[in-house]
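This is what each chain is made of:
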Amino acid sequence: MNPQRKAGRAGALGAAAVCGALVLTACGSSGGAGPSRSPSAPAQSPSATGASGIACGKAATLHASGSTAQQYAMKYWITTYTRACPGTTITYDGNGSGAGQDDFLSGRTAFAGSDSPLGADQETRSEKVCADGGRAIHLPIVGGPIALAFHLPGVDRLVLDGPTLAKIFDGKITRWNDPAVARLNKDAKLPDTPIRTFHRSDSSGTTDNFTAYLAAAGQGAWPYPHAKEWPAHGGDAAKGSADLAAQVQRTTGAIGYVELPYAVDRMLRTISVDTGAPTPADPNVTSASHAIAGAKTVNTGHDVRLDLDYGSKVPGAYPIDVVTYEIVCDKGNRPETWPATKAFLTYIASRKGQQNLTFQGYATLPAAVVDKVRGEIGALP
């Protein structure tokens, strides 16, 4: 896929359309198909190096699933990797973090993409699918802002803060000209339009991170714990980020949370967040990188996790962000696919794999975190 994308007002480059399940050998040309390959293409050897210097590993067919947040990045990675290593086929189904975790823990996939770490009980379950007494570990690979996309004709810019967003998504503020919204937007002509909130219907790491922000920054206005399943009553539901963005686009008065590339792809206007800093923070790769740089890194063995500060007031830091992990077995899982899995993970964490991510609408992870992840992947058997 060409990493160059159309410009969008959300502050990042746009994205090409993504197939529902990223099967790079099957998507049509309108979905940005991967390279066509002859059925007789030679399989690479375990030590082969493909085009562009990518180490291919042993040829295999890999299936993975999970986070929609990394779906655009995964499309780019798979296209690039399979061009360099034509003996390997990789599919990625962006079915949501919860479904991706279930697929991995059921042994259906080589790895899972997830915007939320596994729970303690899930980590115990992973011991049944991981080889040689191993267990699942988390490797943070990409980050990015969760944009609050809105559709309100006549209003080009909106600023909201944590308490106001919490009340909107909990159904306590129901019209766009509510005094709490007007206070933050003195120069805007806010219509007396009903607010239509949209949330994910599936188990979603994006939901988990957004509700974590509402709990941290809502100043008591959000009475629910953070969770992958939407906890509040009311509002409209949509499965997956692509559908949620589509619903916001076609609904007057709508607001919903999606990863930035989905908002940019549909040219949706996005909300700036008043964090208490001198100026509101816009959702873009620079402001998200600035916020993620302040995250605490938690290492346990080969496991690497980031603890985001959703209540940050650092100037220029956009606080509603997501970090996507690749969840894998620390000692491998299926012997026939493990070499290719490790080779693919090595590529996506490499400088080559990370270098074009800002063109995909993703934020840069701290260099120390990326170096740690590269070291952990290199230590995998």
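Look a little higher up for the structure.
All values derive from a computational prediction rather than experimental measurement.

**Observations regarding the side chain of His138**
Its place among the elements puts His138 in strand 5 (residues 136-151). Every residue in contact with His138, bar those within four places of it in the chain, is listed here: Pro117, Leu118, Glu123, His302, Asp303, Val304, Arg305, Tyr325, Glu326 and Ile327.

**Considerations on the pairing of strand 13 (residues 303-307)**
In terms of strand pairing, strand 12 (residues 296-300) meets strand 13 through five bridges, oriented antiparallel. Paired with Thr300 across the bridge in strand 13 is Asp303. Connecting strand 12 to the next strand, strand 13, in antiparallel fashion are two residues, including Gly301 with a positive phi near 65°.

**Examining the pattern of salt bridges**
Under the definition given, this model contains 14 salt bridges. The salt bridge partner of Arg157 is Asp282, with a shortest N-O separation of 3.4 Å. Here Asp282 lies in the loop between strand 11 (272-274) and helix 9 (285-292) and Arg157 lies in the loop between strand 5 and strand 6 (159-161), a separation of 125 residues in the sequence. Taking the relative accessible area as the measure of exposure, Asp282 reaches 33% and is therefore partly exposed. A salt bridge links Glu376 to Lys372; the shortest N-O distance between them is 2.8 Å. Of the two residues, Glu376 and Lys372 are both situated in helix 12 (residues 367-379); the distance of four residues between them amounts to about one turn of the helix.

**Quick word on unusual backbone geometry**
The backbone of Asp132 sits at a positive phi, close to 55°, despite the residue not being glycine. Look at Asp132 and you get exposed, because its relative accessible area is 68%. The phi dihedral of Gln219 is positive, around 50°, even though this residue is not glycine. One can find Gln219 in the loop between helix 6 (205-217) and strand 8 (236-238).

**Section: the state of the cysteines**
Throughout the structure, instances matching the rule amount to two disulfides. Disulfide partner of Cys56: Cys85, at an S-S distance of 2.1 Å. Taking the torsion about the sulfur-sulfur bond, which here is approximately -80°, the covalent link between Cys56 and Cys85 counts as left-handed. Here Cys85 lies in the loop between helix 1 (71-84) and strand 3 (89-93) and Cys56 lies in the loop between strand 1 (21-23) and strand 2 (61-66), a separation of 29 residues in the sequence. We classify Cys85 as buried; its relative accessible area is 0%.

**Regarding the packing of aromatic side chains**
The description of an aromatic ring pair uses the distance of the two centres, along with the angle that the planes make with each other. Tallied over the full model, the rule gives 13 aromatic pairs. An angle of 65° between the planes, with centres 6.0 Å apart, marks the rings of Phe169 and Trp230 as edge-to-face. Taken together, the residues span a long stretch of sequence, with Phe169 in helix 4 (residues 162-169) and Trp230 in the loop between helix 6 and strand 8 at a distance of 61 residues. Neither Phe169 nor Trp230 differs from the other in exposure class; each is buried. Through successive ring pairs, a cluster of aromatic residues spans Phe169, Phe210, Trp222, Tyr224, Trp230 and Tyr257.

**Considering the nonpolar core**
Counting residues in hydrophobic clusters, the biggest one holds 99 residues, and the most contacted among them are Trp77, Leu148, Phe169, Ile255 and Phe344. Here this core gets nine residues from one element, more than from any other, and that element is strand 5. Leaving out residues up to four positions away in the same chain, Phe344 has contacts with Met74, Trp77, Ile78, Tyr81, Ile90 and Phe111. Residues Leu105, Leu118, Cys130 and Cys329 belong to the second largest nonpolar core, which totals eight residues.

**Let's talk about the pairing of strand 3**
For strand 3, the buried fraction is high: four of the five residues fall into the buried class. Across five bridges, the pairing between strand 2 and strand 3 is parallel. Considered in strand 3, the bridge of Leu62 is made with Ile90. Regarding the hand of the β-α-β motif, the stretch spanning strand 2, helix 1 and strand 3 is right-handed.

**Side note on helix 4**
Counting buried positions over the eight residues of helix 4 gives seven, a clear majority of the element. Along helix 4, the residues that are buried comprise Gly162, Pro163, Thr164, Leu165, Ala166, Ile168 and Phe169. Phi for Gly171, located one or two positions after helix 4, is positive at around 75°.

Cut-off values and rules
- Residues numbered from 1 in each chain as written.
- Predicted model: local features only at pLDDT ≥ 70, side-chain atom pairs only at ≥ 80, totals over all residues.
- Heavy atoms only, no water.
- Helix = DSSP H or I, 4+ residues; strand = E, 2+ residues; numbered from the N terminus.
- Contact = heavy atoms within 4.5 Å.
- Pairing = 2+ DSSP bridges.
- Salt bridge = Lys/Arg side-chain N within 4 Å of Asp/Glu carboxyl O.
- Buried < 20%, exposed > 50% of the residue type's maximum accessible area, 1.4 Å probe, protein only.
- Disulfide = S-S within 2.5 Å.
- Phe/Tyr/Trp six-rings, centres within 6.5 Å; stacked < 30°, edge-to-face > 60°.
- Core = buried A, V, L, I, M, F, W, Y, C linked by side-chain atoms within 4.5 Å.
- Right-handed = clockwise from strand over helix to strand, strands pointing away.

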